[in-house]
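Listed below are the residues making up each chain.
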Amino acid sequence: MPTNGVPTKITQGSGTKGGIGESTLRPDGTLKVTGEFAYSSDMWHEDMLWGQILRSTVAHAEIVSIDTAEALATPGVYAVMTYDDLPAEVKHYGLEIRDTPVLAHGKVRHHGEPVAIVAADHPETARRAAAKIRVEYRELPVITDEASATAPDAVLVHEHRDDHHAGHVPHPNIVHRQPIVRGDVAAARGRADVIVEGEYTFGMQDQAFLGPESGLAVPEEDGGVHLYIATQWLHSDLRQIAPVLGLPEDKVRMTLAGVGGAFGGREDLSMQIHACLLALRTGKPVKIVYNRFESFFGHVHRHPAKLYYEHGATADGKLTHVKARIVLDGGAYASASPAVVGNASSLGVGPYAVDDVDIEAIALYTNNPPCGAMRGFGAVQACFAYEAQMDKLAARLGMDPVELRQRNAMEQGTLLPTGQPVDSPAPVAELLRRVKAMPMPPERQWESSEGADVRQLPGGLSNTTHGEGVVRGVGYAVGIKNVGFSEGFDDYSTARVRMEVVGGEPVATVHTAMAEVGQGGVTVHAQIARTELGVTQVTIHPADTRVGSAGSTSASRQTYVTGGAIKHACELVREKVLELGRRKLGSYHPAWAHAELLLEGGKVVTDGGEVLADLVDVLGDEAVEVEEEWRHRPTEPFDLRTGQGNGHVQYSFAAHRAVVEVDTELGLVKVIELACAQDVGKALNPLSVVGQIQGGTTQGLGVAVMEEILVDPTTAKVRNPSFTDYLIPTILDTPTIPVDVLELADDHAPYGLRGIGEAPTLSSTPAVLAAIRAATGLELNRTPVRPEHLTGTA
Amino acid sequence: MRVHFTVNGRPQQADDVWEGESLLYVLRERLGLPGSKNACEQGECGSCTVRLDGVPVCSCLVAAGQAEGREVVTVEGLADHARQRARGCGESGGSCGTSLDEAKAWKPDGADSQTGEGGELSPVQQAFIDAGAVQCGFCTPGLLVAADETLERNPNPSDADIREALSGNLCRCTGYEKIMDAVRLAAARQSEGV
Amino acid sequence: MDFLRPASWEEALAVKAEHPTAVPIAGGTDVMVEINFDHRRPEYLMDLTRIGDLYEWEVGDDTVRLGASVPYAQIMEHLRPELPGLALASHTVASPQIRNRGGVGGNLGTASPAGDAHPALLAAGAEVEVESVRGSRRIPIDGFYTGVKRNALAPDELIRAVHVKKADGPQQYSKVGTRNAMVIAVCAFGLALHPETRTVRTGIGSAAPTPIRAKAAEDFLNAALEEGGFWDNGKIVTPSVAKQFADLCAAACNPIDDVRGTASYRRHAVGVMARRTLTWTWESYRGAHRTTEGAA
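Nothing here was measured: the structure is a model prediction, and the numbers come from that model.

Describing the domain arrangement of chain A
Residue and element names in this part refer to chain A. Under the domain assignment used here, chain A contains domain 1 (29–37 + 492–631), domain 2 (40–140 + 214–259 + 266–288) and domain 3 (427–483 + 647–791). One C-alpha centre belongs to domain 2, the other to domain 3, and the line joining them spans 38 Å. The residue makeup of the side of domain 2 that touches domain 3, split by class, is one nonpolar, four polar and no charged.

Some thoughts on the sheet that holds strand β5 (residues 71–73) of chain B
The strands making up a sheet associate through hydrogen bonds between their backbones, and the pairing can be parallel or antiparallel. Residue and element names in this part refer to chain B. Read from one edge of the open sheet, five strands run β2-β1-β5-β3-β4, paired in mixed fashion. The sheet is open, and its two borders are formed by β2 (10–14) and β4 (55–58), each paired with just one other strand. Strand-to-strand, the axes of this sheet are offset by a mean angle of 40°, without reference to chain direction. Of the pairings in the sheet, the one linking strand β3 (residues 49–52) to β4 comprises four bridges and is antiparallel in character. Residue pairing in the sheet places leucine 52 in a bridge with valine 55 of β4.

Quick look at unusual backbone geometry
Residue proline 784 of chain A is bonded to the preceding threonine 783 of chain A through a cis peptide linkage, with omega at 0°. With respect to the helices, strands and loops of the structure, proline 784 of chain A is situated in the loop between β33 (782–783) and α19 (787–791). Within the chain, arginine 198 of chain C stands out as a residue other than glycine whose phi angle is a positive 50°. You can see arginine 198 of chain C is positioned in the loop between β12 (187–194) and β13 (199–205). A residue is classified by how many C-beta atoms lie within 10 Å of it, and arginine 198 of chain C, with 14 of them, is partly exposed.

Describing helix α3 (residues 123–131) of chain A
Looking at α3 of chain A, one finds that the buried residues are Pro123, Glu124, Thr125, Ala126, Ala129 and Ala130 of chain A. Looking at the buried residues of α3 of chain A, the elements they touch are β1 (49–55), α2 (69–72), β3 (77–81) and β7 (114–120) of chain A.

Some thoughts on the sheet that holds β13 of chain C
Residues and elements named next belong to chain C. The antiparallel open sheet is built from three strands, whose spatial order is β11-β12-β13. Looking at the sheet topology across the chains shown, the edges are occupied by β11 (171–176) and β13. Averaged over neighbouring strand pairs, the angle between their axes works out to 10° when direction is ignored. Bridge count between β11 and β12: six bridges; the pairing is antiparallel. Looking at β12, one finds that glutamine 172 is bridged to leucine 191. Against the sheet, helix α4 (residues 84–91) engages β11 and β12, with an angle of about 25° to β11.

Procedures and definitions
- Residues numbered from 1 in each chain as written.
- Chains lettered and ligands numbered in written order.
- Predicted model: local features only at pLDDT ≥ 70, side-chain atom pairs only at ≥ 80, totals over all residues.
- Domains from an automatic or database assignment.
- Nonpolar A, V, L, I, M, F, W, Y, C, P; charged D, E, K, R; others polar.
- Pairing = 2+ DSSP bridges.
- Helix = DSSP H or I, 4+ residues; strand = E, 2+ residues; numbered from the N terminus.
- Axes fitted to C-alpha atoms, helices over the stretch in contact; angles between N-to-C directions.
- Buried ≥ 20, exposed ≤ 12 C-beta atoms within 10 Å, placed from the backbone.
- Contact = placed C-beta atoms within 7 Å.

Below you can see the structure in the form of structure tokens.
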């Protein structure tokens, strides 16, 4: 892997095997390949019951009555609960706004909203009982888009809003509105030689993690409950769960069970409270496992969006201004909508330098499925639109699209439209140069001595073409994603690090509440401890709520923030160990007092390499332990009128080149190659870095050509809640993904690293769309592209 | 109803099986073998892939009663299966699943999953770890059973062959590149006799 | 729910006679999905996987007798020369795991317009062998599909085999899905040339309430090939003939808009597949024709 960036200076630990920078292997790998790794759906307990949720069959309705008598009378059923059975004053939850009822009260606001819950001794018994609950609905008109949401006589999705956004939104069916205004767009428009406009549509994408929502709640003797759960943020769950159970937080214990992927879809609660309620009601352990159908209703999706853009440029290709309006459909509940609005607006012009900007982003309340966090979080939708605009502008100017981007590429020091300077490397032009310089995949790879290999053609195994109608296209895109929680959020993590001698060897134990969702946080956390403490044996303690919050496994933040917390705690442990050494052994060697000391290979050494002592001797029977919180630099909220403010802490940049082959007659697409260049600051684990980039790239491919939750515009009901009709890429849809990793250190971040997980999801989609446009000559203003759009048969 | 069949070489019996239960449910919830994963229950993802009388199938689409008297190999028995195959015999040994007490959460090893550690893994299992083909790991058991069978049939598959053979196994984390690397690596190691 | 495990075909017929609501299950690729997702709770499930006869095939002089449960993977591996269209269709079925388990009997039993085997059976020509305790009969494939997910079976009948005409000329099969593997058909098209009778047959899937043949298109092409002496002279089918054939195939469709595609796209795609499969089969026929000429 090329490492052309500024080398990061590491003194401590650079000599320890398995430290940062190495492609060490996952500590949970063996368990995962043998089937022994215990995912949340694998939990099992003697005498456990199965929970089942009854969900609304309509999107918007008053609940006239609920009759649970027959369900309760079913043999094998232990409990049936509705809103009226909730035990505490608090009956709602929510990430930022507590607007989501634990069970529907009075009305339902979206298709699939939980109405009642059942516990029984077998999942089939629970399903049959749930089916016997009679709910009478009186249907209400559905709000499905901006026009119906903001119509003068629109039904309010939430009648009595008192949240902190309620006061500044133009309509109660708008969750949050964020303008970003800088410079003078009207004046800048006068300087433009060309202006291009576009209206874009981004479809509703699902995280489609493979491990459906699940967990096991076990009642405890003290009246509390222990929840084994797959989530992205244990402490955020805890904060929302405990009040609804009427329990203090210390009586709700949470342990992270194995997580089968997340991608934002586990940032909100799903079955957590329901399982706990049933466990406390029945006094028995209760397991809930969603099936795939239910999973499509059980978590928020990526906001579908309408985006209206105007870009102006001078004849030599310098951007004069960008005007944009971004309308995100937040669905029935707020979830992370306000923060998604913040990202979409503040990153709405992309990684370009432009002085005059006028952006407005809003999220709607509608009766569509609730939308919230998904990998890329608001920046994805914007990137799709502004990159389409850049191509359109290049075409209008007669300029190479990569050159146009490079000419306007932001650099270190460029001001964002929020007025915030980018204060770390921003190698946007370089990433484009690199991705363009990669060798092109050969033409007509499907041709073989035995005829056409359909597996390498659009349509694949379905045998639709042997080369007829197939046209190649190439497209480029680049994007910018913020790393970490922005807009003044107190974004911190907590690490407890302990060093002691076990079995004659120094061992470090790292305990955090970080949710390992597959990204490999556990791998790099162990690497950090090795580097900082000079030991080879590191135990990663299971994540639970017995240690302070680690914040969310989202926003590409865990390696930065929890990694930073571990590094910090390790530094303190190291100081304490050296202090111990000075006390015990200081008199034996003057270097203890005078030299800079390091921990390496299980020993205390001087910076000159002289060994002073074995850690085993320094530690003896003592254990050194530190628990510390660690924060990245503070950020500020965006001004509600102008959007100005230092809202972000770090950025991540990726560029893609897509090569596609399109069967132009049938409208089928085969992505041949999707090359990516990304700046990662410092690759703590190069193998994992590449894996993240390839995975993120593929999710971007999915929403370019196949993935979309279809909602009926007249009923707001979900039409394709299954893996038969919500398609995600198979291995035959996914091309080779060559990755060029750049490492330009961000001096403000631990080891100079950058959060990496999301950026590749941004630019992948517009690159594929650009390539399809190049192959077909069509305008294509929506994603995903369906065969209908390529054949004029929509 | 009662169902008997052989799992990973060991005769098993499940009682009080509801007639609509799948083989997957019986393996996971009645026999303590949760390695086969339930991700879609409609044959679209391959996470529940097992060998049924040697043939890779989606265990979510096999009615429990249809497994009566059959031989099943799951990911838990894959290492033994590969070992027996290498030795040229047909039967395979067994293994057990995870109870809550055993697995409060995943139990981290002190060390990484280094090559050769323990020597208990089949070539594809080891290759998946070494190549970085495992992220969340939920698709991994099904992919391993499918990939192992692919290499059993075709020891030197082309890339297109690998993609076709694994086209019934969805992965959401990796973008499949490292999975391709892993299968190529396992094939190469096998052909070198490693 | 009762789970019935007949050990023989005769026993299965007896069970079905006694319990006409019993749902036969073999590969499980339709039935188990319905049970897993709570769409169906049959009173009786009748497992057919113990009846070895259903997993066997016999190649006769004119036809292949294909047991109802022969998995698609076996058709691909063993019957490609005799049943090339069906082998191609089998290859488009779902995933390797499903192809290992599912068979043509299930496709016929479900009779979904999207079933992958139907267009190939319609194009090749086939009869479905069904049986009950009352006796056995053969239903011509053209009369088998009676409505959306409905077929000509009586409540007490089971599908035992399908008798498919052995290919006497090139056959092709194409299916459109929005993914490069593991898709349910948006629409599908099968075409078989029958040089012995100098006819062509078609099959269209997922573009009408049932699988259908494009009879007007077949009639047109049969006449055009005959008039032009194409069967003898082995000339290239002219683009205007191919286009007219494609248009007539598209016109034969009676599709709907649904989550998988629009009616308009389905009609369009069937036309494209008709033209392409005609080109492929005819080129193959011409190649064989030339070889024969050369040898003679």
